[in-house]
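Architecture and fold: a report
Single-letter residue listing:
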Amino acid sequence: MISCSHFQTQQCRSCQWLAKPYHNQLAEKDAHLKTQLQGIDLSCVEWLAPYTSPLTAFRNKAKMVVSGAVERPILGIINEQNQPISLTDCPLYPPHFTPIFEVLKDFIGRAGLVPYNIAKQKGELKYILLTESRYNQQLMLRFVLRSEAKLPLMQRELAGLMTKLPQLCVVTANIQPQHAAILEGEKEIFLTEQQVLEEQFNHIPLFIRPQGFFQTNPTVAQALYSTAQQWINNLPITHLWDLFCGVGGFGLHCATALAKNNPDVQLTGIEISPSAIYSATLSSQKCGLKNVRFQSLDAANFALNQHEEKPDLVIVNPPRRGIGKALAQFLNQMQPHFILYSSCNAVSMGKDLQELTHYQPQKIQLFDMFPHTHHYEVLVLLTKK
């Protein structure tokens, strides 16, 4: 167990399981996963031990509500009692984030970014989102603002901020004008020339960009992608789809491994977020992969309306709702040889696997992406019966 004063004083309960010994957390998650797979034939399954996470300092991203006064901003959360709680010393963040937050507080004052007051519906600055690349320690900083009114002041003070934080390479203003619990708006204004952070997992370059999803636990994410790569490495695959591909982590890992034996391997990646597709395309170019196509489309609609050559492998990494009955039935009919299913919600995954009646799970592993909570990730390799 780790020590957290915010949890002990009940100011922050985000880590609901912090009081549970870690081995108990893993046991509960493993039991929950097995419950979701009841009714599925697991007789041939290789069930691997859970991949564990560091217990502290594992996050590469801080999402901070900004409250308080412009000259004394509070970075953290608004708790259930509607109290602003500073979380600049949260043990989930790397310790070197703490002095960075102090520099950001000074910038908030200098730029006159009045924290947004929910009750009064006044103020400008709603959130700051800080992301770090573990590959080169570069930082991306996003200010979520109600309007563009403070942009001139921000631009005036930006050079001073970047002098104090030389690792800060990407800075944006995201405009979210609604009085609603919405993290970000559609409009993103870049205040720096650089627009992406480079990360590397298993020597595969991946790019973090505003409004593109990226895993917040790099240690476990790297292991998740590496495991996918290992599982498919020696399978007879020449054409693969990566549906809900995000920034391309799964597809690029698998295609890179397969290309060592077959340089003509084809990868089609589909993701609805244009920002994520931008990053995935950049990664494929740096990897030197030739037969790769990433497109910004709805993954389910793409699959259901395809008449091209059938892939040997379909990778699915859907949002929490799962792939759904229609896509599962389509995969039953199309019958790729293999399906690699990555899930952040074992409940919806269990329902999807019930629908994939033509497939047999071969390997299953739990990845503890979110220690101290009930959330986890799962990777399943399925083969055609």
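Let us look at the structure shown here. Keep in mind that this is a model prediction, so the values were computed, not measured.

Let's shift gears to the pattern of salt bridges. Throughout the structure, instances matching the rule amount to 12 salt bridges. Here D368 makes a salt bridge to K29, at a shortest N to O gap of 2.4 Å. Within this pair, whereas D368 is found in the loop between strand 16 (359–367) and strand 17 (377–384), its partner K29 is found in helix 2 (residues 22–36), the two being separated by 339 residues in sequence. For the pair D368 and K29, one class covers both residues: buried. A salt bridge links R156 to E157; its shortest N-O distance comes to 2.8 Å.

Moving on, we come to the packing of helix 5 (residues 218–232) against helix 6 (residues 249–259). At a minimum axis distance of 9 Å, the contact between helix 5 and helix 6 shows a crossing angle of 40°. By the angle between their axes, helix 5 is oblique relative to helix 6. Between helix 5 and helix 6 lies a crossing of right-handed hand. Listed contacts from helix 6 to L224, Y225, S226, A228, Q229 and I232 of helix 5 are G249, F250, H253, C254, A257 and L258. When grouped by side-chain class, the residues that make up the contact of helix 5 with helix 6 number 8 nonpolar, 4 polar and no charged.

Taken as a whole, this structure holds 9 aromatic pairs when the rule is applied. Each ring, one from Y51 and one from F367, has its centre 6.0 Å from the other, and the planes form 25°; the classification is stacked. Of this pair, Y51 sits in the loop between strand 1 (46–47) and strand 2 (61–69) while F367 sits in strand 16, and the two are 316 residues apart along the sequence. Of the residues examined, Y51 reaches a relative accessible area of 31% and is grouped as partly exposed. By the ring-pair criterion, three or more aromatic residues cluster together here, those being F201, F214, Y225 and F250. Positioned above the aromatic ring of F7, the side-chain terminus of R13 is 4.0 Å from the ring centre. Note that K126 overlies the ring of Y116, its terminal NZ or CZ placed 4.8 Å from the centroid.

Analysis parameters
Residues numbered from 1 in each chain as written. Predicted model: local features only at pLDDT ≥ 70, side-chain atom pairs only at ≥ 80, totals over all residues. Heavy atoms only, no water. Salt bridge = Lys/Arg side-chain N within 4 Å of Asp/Glu carboxyl O. Helix = DSSP H or I, 4+ residues; strand = E, 2+ residues; numbered from the N terminus. Buried < 20%, exposed > 50% of the residue type's maximum accessible area, 1.4 Å probe, protein only. Axes fitted to C-alpha atoms, helices over the stretch in contact; angles between N-to-C directions. Parallel < 35°, antiparallel > 145°, perpendicular 65-115°, else oblique. Left-handed = near helix turned anticlockwise from the far one by under 90°. Contact = heavy atoms within 4.5 Å. Nonpolar A, V, L, I, M, F, W, Y, C, P; charged D, E, K, R; others polar. Phe/Tyr/Trp six-rings, centres within 6.5 Å; stacked < 30°, edge-to-face > 60°. Lys NZ or Arg CZ within 6 Å of the ring centre and 35° of its normal.

Spatial relationships are all this shows, so hold off on functional conclusions.
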